[in-house]
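Understanding the architecture of this molecule
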Amino acid sequence: MKKVMVGMSGGVDSSVSALLLRNMGYDVTGVTLKLFSNEDIIEAEKTNKTCCALSDVEDARSVAYKLGFEHVVFNFRDKFRECVMNPFAECYLSGGTPNPCIECNRHIKFDKMLLRAKELDFDYIATGHYAVIDFDENSGRYLLKRSKDRSKDQTYVLYSLTQEQLSHTIFPLGNLTKNEVREIADNYGLVNSQKPDSQDICFVPDGDYSSFIRKFKNINIPEGDFVSTDGKILGKHKGIINYTIGQRKGLGISLGKPAYVVKKDIQKNQVIIGSESDLYTNSLDACDVNLIPFDTLEKPLQITAKTRYSQSEQNAVLSYKGDGIYHVEFENPQRAVTKGQAVVFYDGDIVVGGGTIL
């Protein structure tokens, strides 16, 4: 009997994943990851919006008990702080807008947890992500594909998976819709069958990124100038980490016309304000790129690409510039392409790969 370690957040998706694997004959163990401090967990529990609260651990344990398999908790706090929380803060401080879920998948769930699973002689790990893993016999490579439920597809945050990780990972929900998952949970009487999905970043449960960074890094963020695209000072901003590219609301300035954050100059501590037309670009460069169907890009490739999780895919051409940098040229101009976010490449349903926008 193959052994699988299932990452259980306490939500319905990971619970149904464990249930399905148990029903398929796997020897299942549920694992909940402790990723940050007790104080943060208590605060998260108050908001009821995010994973990793104490109640989530109890929900995961309750499901495991009901379904008859073991549940354990692993403490990955130090690794999470090093590989997710600190880079999150550093990215904001350098003028970017990070996606910590991608880094958590890259360094924690499919690295640290997989290594622990191998140490304990498990054959696979599994999660409740909506994605599909296939093996292509022609190329001898594992492929990552979009899920049946396009509204829940999570391949955007999974592009960093390597061949080794894909070969030891199972996504039981890839061919199910969210409604089908909740129906399965209802039929088995799982305590979290109607539990709402988590929305916020787990270690910033109130959504106040600026306050988190100030406390986490123990620094003050100075005020600076709002500046027009032609260099005119328009007013004072409240700290450069409070603003993201494309932001319109909450600027606290009135120009008599719609105004948007179009750029951030860290060296000058300036937030540049412009019109919506200033937000559009035809291309981007990306680093830290992971390719899945092949190891190297030999020639320019016609793809579709997403620069935000919720964005629809856009026609583009992907090419390699050298020194680890990839170039994406879009068929149509793209709005608010943001440093630090991910760009993910697709060929139909297949994830070609992805990287971090420079």
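Residues numbered from 1 in each chain as written. Predicted model: local features only at pLDDT ≥ 70, side-chain atom pairs only at ≥ 80, totals over all residues. Heavy atoms only, no water.

1. Describing unusual backbone geometry
What counts is decided by this rule: The helix and strand labels rest on DSSP assignments: H or I over at least four residues marks a helix, E over at least two residues marks a strand, and numbering proceeds from the N terminus. Throughout, exposure labels follow a simple rule: accessible area from a 1.4 Å probe, protein chains only, divided by the maximum for the residue type, with under 20% read as buried, over 50% as exposed, and the rest as partly exposed.
Even without a glycine there, the phi angle at Asn218 is positive, about 55 degrees. In this structure, Asn218 sits in the loop between α8 (209–217) and β8 (224–228). In this model, Asn269 sits at a positive phi of 55 degrees, which is unusual for a non-glycine residue. Residue classification places Asn269 among the buried positions, given a relative accessible area of 18%.

2. Looking at the side chain of Ser160
What counts here: Any two residues whose heavy atoms approach within 4.5 Å are treated as being in contact.
Here Ser160 shows up in the loop between β6 (141–145) and α6 (163–167). Ser160 sits in the buried class, given a relative accessible area of 8%. Apart from residues no more than four positions distant in its own chain, Ser160 is found in contact with Ile102, Arg106, Gln165 and Asn290.

3. Quick look at α8
Worth spelling out the cut-off: Arc definition: it is the arc formed by the directions from the helix axis to the C-beta atoms.
Every buried residue belonging to α8 is among Ser210, Phe212, Ile213 and Phe216, and all of these are buried. For α8, the angular spread of buried residues about the axis comes to 160 degrees, placing them on one side. Elements that come into contact with the buried residues of α8 comprise α4 (77–93). Looking at the residues trailing α8, positive phi occurs at Asn218, about 55 degrees.

4. Structural notes on helix α5 (residues 100–119)
Structurally, the α-helix is built with 3.6 residues per turn, so residues lying three or four positions apart point the same way. Worth spelling out the cut-off: Across the chain, bend at a residue is computed as the angle between axes fitted to the seven residues ending at that point and the seven starting from it.
The principal kink in α5, of about 30 degrees, is found at Arg106. Along α5, the positions that sit buried rather than exposed are Pro100, Ile102, Glu103, Cys104, Asn105, Arg106, Ile108, Phe110, Met113, Leu114 and Ala117. Count one or two residues on from α5 and you reach Asp121, which has phi positive near 65 degrees.

5. Thoughts on the confidence of the model for the protein
In plain terms, the rule: Across the chain, each position has a pLDDT score giving the predictor's confidence in that residue, from 0 to 100.
Per-chain confidence: the protein averages 93 in pLDDT, with 95% of residues scoring 70 or above. Long-range and interchain partners of residues 41–50, a stretch whose pLDDT sits below 50, account for 25 contacts in this model, where long-range means more than four residues apart.

6. Focus on the pattern of salt bridges
What counts here: Here, a salt bridge means any side-chain nitrogen of Lys or Arg that lies within 4 Å of a carboxyl oxygen of Asp or Glu.
Counted by the stated rule, this structure contains 20 salt bridges. Here Arg106 and Glu103 are joined by a salt bridge, their closest N and O atoms 3.2 Å apart. Taken together, the residues Arg106 and Glu103, both in helix α5 and three residues apart, mark about one turn of the helix. The salt bridge involving Asp295 is made with Arg141; its shortest N-O contact spans 3.3 Å. Here Arg141 lies in strand β6 and Asp295 lies in the loop between β12 (280–291) and β13 (301–306), a separation of 154 residues in the sequence. One network of salt bridges, in which partners are shared, links Asp13, Lys152, Lys178, Arg182 and Asp197.

7. What to know about the packing of aromatic side chains
Worth spelling out the cut-off: When the centres of two rings from Phe, Tyr and Trp lie within 6.5 Å, Trp using its six-membered ring, the rings pair. Their planes under 30 degrees apart give stacked, over 60 give edge-to-face, and anything left gives tilted. Only lysine NZ and arginine CZ atoms are considered, and such an atom sits over a ring when it is within 6 Å of the ring centre and within 35 degrees of the ring normal.
Summed over all chains, the structure comprises 16 aromatic pairs. When the centroid spacing of 5.1 Å and the interplanar angle of 50 degrees are considered together, the rings of Phe203 and Phe212 count as tilted. An aromatic cluster is present here, built from Phe36, Phe80, Phe88, Tyr92, Phe203, Tyr209, Phe212 and Phe216 joined pairwise through their rings. Of note, Arg146 hangs over the ring of Tyr346, and the distance from its end group to the ring centre comes to 5.5 Å. For Lys306, the ring lying beneath its charged end belongs to Tyr309, and the centroid distance is 5.7 Å.

8. Section: the packing of α4 against α5
Under the convention used in this document: The convention used is that axes are lines fitted to C-alpha atoms, helices contributing only their stretch in contact, and that angles between N-to-C directions extend from 0 to 180 degrees. Angle categories: roughly parallel below 35 degrees, roughly antiparallel above 145, roughly perpendicular from 65 to 115, and oblique for all the rest. By definition, any crossing whose near helix is turned counterclockwise from its far helix by less than a right angle is left-handed, and any crossing with a clockwise turn is right-handed. Polar here means any residue other than Ala, Val, Leu, Ile, Met, Phe, Trp, Tyr, Cys and Pro, which are nonpolar, and Asp, Glu, Lys and Arg, which are charged; Gly is therefore polar.
Interaxial distance between α4 and α5 falls to 9 Å at its minimum, and their mutual angle equals 165 degrees. In terms of orientation, α4 lies roughly antiparallel with respect to α5. In this structure, α4 crosses over α5, and the sense of that crossing is right-handed. Along its contact with α4, which presents Lys79, Phe80, Cys83, Val84 and Phe88, the element α5 presents Pro100, Glu103, Cys104, His107, Ile108 and Lys112. Considering only residue class, the contact of α4 with α5 consists of seven nonpolar, one polar and three charged.

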